[in-house]
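What the coordinates show
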Amino acid sequence: MEPPAVPEEEEEEEEEEGAVPLSMAPGPVGCQLFGYVGIEAVLDQMKIKTMKTGFEFNIMVVGQSGLGKSTMVNTLFKSKVSRKSSQPGQEERIPKTVQLQSITHIIQEKGVKMKLTVTDTPGFGDQINNENCWDPIIKYINEQYERYLREEILITRKRKIPDTRVHGCVYFVPPTGHWLRPLDLEFMRRLSKIVNVVPVIAKADTLTLEERAEFKQRIQEDLKTHAISVYPQEDFDQDPEDRALNDRIREKIPFAVVGADQEHQVNGKRVLGRKTKWGIIEVENPAHCEFPLLRDLLIRSHLQDLKDITHNVHYESYRVRRLNESNRPGLSPLNGLPAKGEAGSHL
Amino acid sequence: MCYYVAIQKWLLEGKGTSLTSKGLQMNDDLRNLSLSGHVGFDSLPDQLVNKSTSQGFCFNILCVGETGIGKSTLMDTLFNTKFESEPATHNEPGVRLKARSYELQESNVRLKLTIVDTVGFGDQINKDDSYKPIVEYIDAQFEAYLQEELKIKRSLFNYHDTRIHACLYFIAPTGHSLKSLDLVTMKKLDSKVNIIPIIAKADTIAKNELHKFKSKIMSELVSNGVQIYQFPTDEETVAEINATMSVHLPFAVVGSTEEVKIGNKMAKARQYPWGVVQVENENHCDFVKLREMLIRVNMEDLREQTHTRHYELYRRCKLEEMGFKDTDPDSKPFSLQETYEAKRNEFLGELQKKEDEMRQMFVMRVKEKEAELKEAEKDLHEKFDHLKRTHQEEKKKVEDKKKELEEELNNFQKKKAAAQLLQSQAQQAGSQQTKKDKDKKNASFT
């Protein structure tokens, strides 16, 4: 056991009698522990608590119709999360304006409960004149922030504020193979400022590997020229480890994905894939497509990070903007929202 | 492993202008679907824990107790380290709080521990106000957090949380009952902080007395309505251990940083001529129970209770005090902002009014002064005239007198001249006479 480390400086708050120190001693002093105390048990306590309360995750998928958004979501969460619009017997006209549809599920895995909300945007980019088609989306995102803000500034707050803010927005880029279209650039530019945008190349089975690499390169250059920062954003890397990890991810953005929800037999195993005349594209095979990378990023490794950046960065900047505005009731765009008693969600 | 999914649908239609969420109706009918494979979000708690580990934890303990009751020693024993501090003297004029922060690290968990000591508690002759500095300190920490939360540009995620998470109240081992100072202080603190009462220096109490003492204390606390911290019993994993431990409240502890050889091991203990009191022996004292409850089982719950119960209560009271309400009469969307603006305008209006008042008063005063001054001026002028006249009169008088005097003088001079003339005439006559006489004489002689 090392000799006891005497703290080098004794930092004391000098107070007069009766006065109360309003700030703590400037720097905490490092101390050596002589034996096991049990502080690390707090990690288990935390785990138990969070498993009891459950998690909330809200994801939004944006892209033109027919790019495979619903299939992708179903593949990600391995269940029929979204209803696909191309099901037989269901005729859905292309809606005139962008309509957002949110579906919430509660899924559970190994004792971890998650309330998953998927927001779909049918009608995005489908019209002839697509100007301002991102407005309803931006409005929806801001509305979620507004809802959270209002809950937060109440005098009597709920113990756990229901979190409907969009944590991640998956943007589907059509696999043209050339560059990003003006619509894509406009949308991503506007939205990357208020939400975490994860661009993916949809239906990537139409591109060969070389075409795919070239396309990615061009997209990355495009994003850089237009100063669009997609998730994982470089400014929020916390330490060199994080940076190294995120750099590796950033090299691969945007992921080229293929979605499939049907299982086929390959080499004696059942795998998810698309069956074509010239072969079976295995969704979970990293050699075929980058779906596993997307899934790992979104769910297995960076889910908490997505939520944290949404809460600490995007929500805070929304709050700053909102609180700095002079509040003129006539111009408030959110007059139609229900009173706070009706809003909310229960598990 | 079976997975089940409940679907709840709600539609939000955006028609380009206002986003009206038509009824967030929740369909409560559940439909069972299954996840057909491993998705992987069971790693979520681990992700969360990793994030927290990299940020580190904060834990703040307040130790309330008389001087010399063993607070510092217990902290040293509890955290298995030596926190350097000199013992306090008994002649403090009042209670003051001393806070010290330490950074502890165990495996990969970093803990920023802050220990707040009450120096001089129970030493004064008049202890009426002993609890006040403590309450003020706790409120000040809540206030600091509230201020940060209300800021426009805030950084809550790397805010150094200084709110007190646990208050260890050291009860003196009298063996009878609680002192009235203890009751009063605990009553004042129970709605602001999680109180964990402990009996200090428990090696001075015999076992049978200890049992009576404990039940007396607990019954006194209950009858006085003091809300001490309840160990949570709603989660199955910790319910059992918490329930068994709660029976032993208040924990009778002995602290020691010295090690004594017992058997063939070194253990923390206190050596007496009649035996050795082992700190970590559950038969000797409840130290192990305290450590379990405070650190190993409930640290996270203590922090959560502080944030969700005590801090929210403080926040609610403070905001209501400042005049904010949740529902405005016309229920505008941003009540905090509105009220704030309204208050600001009110304040500015008041300021303006005060300014106007002052200005008016000032003008009035000036007028008065002016009038006064004018009067004074008039007076002065009058005086001056008066003086002038008097002066003139005097001058005339003087001149008259002067004239008279001159006349007299002239007369006198005339008289004098006349007199002289007469005299000279007389003299001449006389001399003539004398001459004549002389002549006569001479003549006579001749």
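Everything below is about the structure printed above this text.
Here goes a summary of the coordinates provided. (Residues numbered from 1 in each chain as written. Chains lettered and ligands numbered in written order. Predicted model: local features only at pLDDT ≥ 70, side-chain atom pairs only at ≥ 80, totals over all residues. Heavy atoms only, no water.)

1. Focus: the overall build of chain B
When its secondary structure is counted, chain B shows 9 helices and 11 strands. The proportion of buried residues among the 446 residues of chain B is 41%. Put simply, 67% of the contacts in chain B that link residues at least 6 apart link residues at least 24 apart. Surface accessibility of chain B: about 26,700 Å² in total, with carbon and sulfur atoms responsible for 53%. (Helix = DSSP H or I, 4+ residues; strand = E, 2+ residues; numbered from the N terminus. Buried < 20%, exposed > 50% of the residue type's maximum accessible area, 1.4 Å probe, protein only. Contact = heavy atoms within 4.5 Å. Areas by Shrake-Rupley, 256 points an atom, 1.4 Å probe, with all protein chains shown as cover.)

2. Structural notes on the pattern of salt bridges
What the rule picks out here adds up to 45 salt bridges over all chains. In this structure, the salt-bridge partner of Glu304(B) is Arg159(A), at a minimum N-O distance of 3.4 Å. One end of the pair, Glu304(B), is in helix α8 (residues 299-322); the other, Arg159(A), is in the loop between α3 (135-152) and β5 (168-173), on a second chain. Residue classification places Arg159(A) among the exposed residues on the basis of a relative accessible area of 54%. Where Glu316(A) meets Arg154(B), a salt bridge forms, and the shortest distance between an N and an O atom there is 3.0 Å. (Salt bridge = Lys/Arg side-chain N within 4 Å of Asp/Glu carboxyl O.)

3. Some remarks on the sheet that holds strand β6 (residues 166-171) of chain B
In spatial order, the strands read β1(A)-β4(B)-β5(B)-β3(B)-β6(B)-β7(B)-β8(B); together these 7 strands make up an open sheet with mixed pairing. The open sheet has two edge strands with one neighbour each: β1 (29-30) of chain A together with β8 (251-252) of chain B. In terms of strand pairing, strand β3 (residues 57-64) of chain B meets strand β5 (residues 109-119) of chain B through 7 bridges, oriented parallel. The residue bridging Leu62(B) from the neighbouring strand is Val116(B), located in β5(B). (Pairing = 2+ DSSP bridges.)

4. Brief notes about the nonpolar core
Formed by 89 residues in total, the largest nonpolar core has its most connected members in Phe79(B) and Leu294(B). In terms of residue count, helix α3 (residues 131-150) of chain B provides more of this core than any other element does, 8 residues in total. Setting aside its immediate chain neighbours within four residues, Leu294(B) contacts Phe59(B), Ile61(B), Leu78(B), Ala166(B), Leu168(B), Ile196(B), Met299(B) and Leu302(B). Within the second largest apolar cluster, 83 residues are counted, among which are Phe77(A), Ile228(A), Val39(B) and Leu48(B). (Core = buried A, V, L, I, M, F, W, Y, C linked by side-chain atoms within 4.5 Å.)

5. Some thoughts on unusual backbone geometry
With an omega dihedral of -10°, the bond running from Ile253(A) to Pro254(A) counts as a cis peptide bond. Tracing the backbone through its elements, the reader meets Pro254(A) in the loop between α6 (240-252) and β7 (255-256). Cis geometry marks the peptide bond from Leu249(B) to Pro250(B), where omega comes out at -15°. With respect to the element layout, Pro250(B) can be found in the loop between α6 (236-246) and β8. Its identity as a non-glycine residue notwithstanding, Asn80(B) has a phi of 55°, on the positive side. With respect to the secondary-structure elements, Asn80(B) resides in the loop between α2 (71-78) and β4 (96-106). Of note in the backbone geometry, Lys201(B) takes a positive phi value of approximately 50° without being a glycine. A residue is classified by how much of its surface remains accessible, and Lys201(B), at 41% relative accessible area, is partly exposed.

6. Focus: the sheet that holds strand β9 (residues 259-262) of chain B
Residues and elements named next belong to chain B. Read from one edge to the other, the open sheet built from 3 strands follows the order β9-β10-β11, with strand pairing classed as antiparallel. The open sheet has two edge strands with one neighbour each: β9 and β11 (275-278). The sheet shows a mean angle of 65° between the axes of neighbouring strands, taken without regard to direction. Sheet analysis places strand β10 (residues 265-272) next to β11, joined by 4 bridges and oriented antiparallel. By the bridge assignment, Gln271 is partnered in β11 with Val276. (Axes fitted to C-alpha atoms, helices over the stretch in contact; angles between N-to-C directions.)

7. Focus: α6(A)
Residue and element names in this part refer to chain A. Taking 1.5 Å per residue as the helical rise, α6 with its 13 residues ought to reach 18 Å, and the 19 Å between its terminal C-alpha atoms agrees with that figure. What α6 keeps buried is the set Asn246, Ile249 and Arg250. For α6, the buried positions fall inside an angular range of 100° around the axis, keeping them on one side. More than 90 degrees from the buried face of α6, the exposed residues found are Pro240, Glu241, Arg248 and Glu251. Next to the buried residues of α6 lie α5 (209-225), β7 and α7 (291-301). (Expected span 1.5 Å × (residues − 1). Arc of directions from axis to C-beta.)

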